[in-house]
Amino acid sequence: MALFVTGGAGFIGSNFVLDWLEQSDEPVVNLDKLTYAGNRENLAALAADPRHFFVQGDICDRALVDHLLATHRPRAIIHFAAESHVDRSIHGPAEFMRTNIDGTFTLLEAARSYWNSLKGVELRQFRFHHISTDEVYGSLQPDDPPFAENNSYQPNSPYAASKAASDHLVRAWYHTYGLPITISNCSNNYGPYHFPEKLIPLIIANALAGKPLPIYGDGQQVRDWLYVTDHCSAIRCILEAGQVGEVYNVGGWNEMPNIDIVNTIIKLLDELRPDPTGSYARLITHVTDRPGHDRRYAIDARKIERELGWRPAEIFETGIRKTVQWNLANQAWVEHVTSGEYRQWLDSNYGARL
Ligand code: NAD
Ligand code: DAU
């Protein structure tokens, strides 16, 4: 038996693979294109581990996916691979449509054909788990209840629209072909190996470099934050006991405005790596807002708790401290991933804003 993971060299995917192989001897086949966001260094601990089979390739490559499924005969596919950054989707949406929609379609068709070839226990056990986001539900007003699984879809960014489209495809492959799928819609993750284009690792990296800490608009946008290993444990629960055809919302019960997140990081850095010239707070810079910026996300994670017994183990105070400490201890990793392409991205996203 094996798991087939897509996007397992990215932030959440690599945390999942590392976590999985710490707890299980079931091998993992890891298909990742290694875009700017994918990094083999995340998986360095598995370099000599025969249970990890890494393949650099594209989920849009049907022949490759067919070959890998036929060769490794996984009991489940866990589909992380995606273009994942909202700002990049605003600057260049095409790759989001290709990977998130066409890629998911290709994977579903390959999975359907492989699943149709299975018999007996292999057929009964097989699962396709799709990793999605709370962004598909749109934006909440301050007093709205958090997103439940039956909320309507109102995606607002090209990224969110492409993820919404992929969720609809996965749902349709279940209803039409009976493919045994599950879907999870998760809130903002943070933790080790988080690529420094996203808010938390960007603020840590910029502060340490003495650069401005860019706050979009008034900084009062609210997100729900979940430590990444809690997302991994939720996926393991769904894989183990999730009901075929069901959607599970996953969140940290931890809504916070962006400016509070930034101030928390500043406080931790002032304590752990004080700057002789004064608090990092001096670097806070309000910049032009993200177009179409969603004001608030919040997740109602009661279904997964009620039905599968999952709750996050980490609280924000401890999770963010670990995250800052991880970044301080892994500056070489940060330097390696912030390549020429990354610097170009900073220029195109922040150049006009700052
Ligand atoms: P990420 O951008 O860090 O990693 C994505 C990975 O997918 C990279 O390793 C990349 O190389 C790979 N990839 C991209 N295109 C590919 C292709 N065509 N073929 C094969 N591999 C490809 O993303 P992440 O933050 O780890 O997110 C993983 C998944 O979780 C995504 O589906 C995302 O929508 C979802 N999600 C993310 C968050 C979050 O806070 N980061 C929250 C909820 C859901
Ligand atoms: O909600 C789940 C989603 O969370 C995932 O589906 C996405 O893949 C993931 O990237 C994340 O999306 P966000 O847009 O919420 O994350 P990001 O870290 O880009 O931004 C978090 C908030 O911080 C958001 O309100 C925008 C704001 N922000 C972001 C950056 C990069 C800033 O104020 N300044 C910045 O420089």
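Description of the structure in this document. Since we're looking at a predicted model, the values are computed, not measured.

Turning next to the overall build of the chain. From N to C terminus, the chain includes 13 helices and 12 strands. For the chain, the C-alpha radius of gyration of 20 Å lies close to 20 Å, the compact-globule estimate for 354 residues. With the C-alpha coordinates aligned to their principal axes, the bounding extent of the chain is approximately 65 × 50 × 40 Å. Sorting the 354 residues of the chain into buried and exposed places 56% on the buried side. Partitioning the contacts of the chain with sequence separation of at least 6, the portion at a separation of at least 24 is 82%. Positive and negative charge centroids in the chain, built from 32 and 43 side chains respectively, lie 3 Å apart.

Close to ligand 2 lie 25 residues, the nearest being Asp134, Tyr159, Arg290, His293 and Tyr350. The separation between an oxygen atom of ligand 2 and a polar side-chain atom of Tyr350 is 2.6 Å. In the complex, 95% of the free accessible area of ligand 2, which totals 680 Å², lies under the protein chains. Residue assignment for the shell around ligand 2 shows that the elements contributing at least two residues are α3 (86-91), α7 (199-208) and β8 (213-216). Ranked by residue count, the leading element in the shell around ligand 2 is β8, at 3 residues. The class makeup of the residues in the shell around ligand 2 is 10 nonpolar, 8 polar and 7 charged.

Looking now at the packing of aromatic side chains. Scanning the model with the defined rule gives 18 aromatic pairs in all. Summarising the aromatic geometry, the rings of Tyr193 and Trp333 are spaced 5.8 Å apart at their centres and angled 70 degrees between planes, so their arrangement reads as edge-to-face. Within this pair, whereas Tyr193 is found in the loop between β7 (188-190) and α7, its partner Trp333 is found in helix α12 (residues 331-337), the two being separated by 140 residues in sequence. Judged by relative accessible area, which is 18%, Tyr193 ranks as buried. Taking relative accessible area as the criterion, Trp333 reaches 6% and is therefore assigned buried.

The rules behind each value
Position labels on residues start from 1 in each chain and follow its written sequence. For this description, chains carry letters from A and ligands carry numbers from 1, given in the order in which they are written. Residue-level local features of this predicted model are given only where pLDDT is at least 70; pairs of side-chain atoms are given and counted only at 80 or more, and the full residue set underlies all totals for whole chains, interfaces and linings. Values shown for side chains rest on all heavy atoms present in the structure; no hydrogens or waters enter the calculation. Every helix listed is a DSSP run of H or I at least four residues long, and every strand listed is a run of E at least two residues long, numbered separately from the N terminus. Restricting the calculation to C-alpha atoms gives the radius of gyration, and the globule rule supplies 2.2 Å times the number of residues raised to the power 0.38. Exposure is judged per residue with a 1.4 Å probe applied to protein chains only, and the accessible area is read against the type maximum: over 50% gives exposed, under 20% gives buried, and values in between give partly exposed. In what follows, a contact means two residues having at least one pair of non-hydrogen atoms within 4.5 Å. Here the positive residues are Lys and Arg and the negative ones are Asp and Glu; neither His nor the chain ends is included. Taken as the charge centre is NZ of Lys, CZ of Arg, CG of Asp or CD of Glu, depending on the residue. Definition of nearness: a residue and a molecule or strand are near each other if at least one heavy atom of the residue lies within 4 Å of the molecule or strand. Residues adjacent in sequence count toward polar contacts only when both atoms are side-chain atoms; beyond that, a polar contact is any pair of N or O atoms within 3.5 Å, and within protein one must be able to donate a hydrogen and the other to accept it. Calculation of accessible area relied on Shrake-Rupley with a 1.4 Å probe; when residues are assessed, cover is drawn exclusively from the protein chains displayed. The residue classification treats Ala, Val, Leu, Ile, Met, Phe, Trp, Tyr, Cys and Pro as nonpolar and Asp, Glu, Lys and Arg as charged. All others, Gly included, are polar. Working definition: a ring pair exists when centres of Phe, Tyr or Trp rings (six-membered ring for Trp) sit within 6.5 Å. Plane angles under 30 degrees give stacked, over 60 give edge-to-face, the rest tilted.

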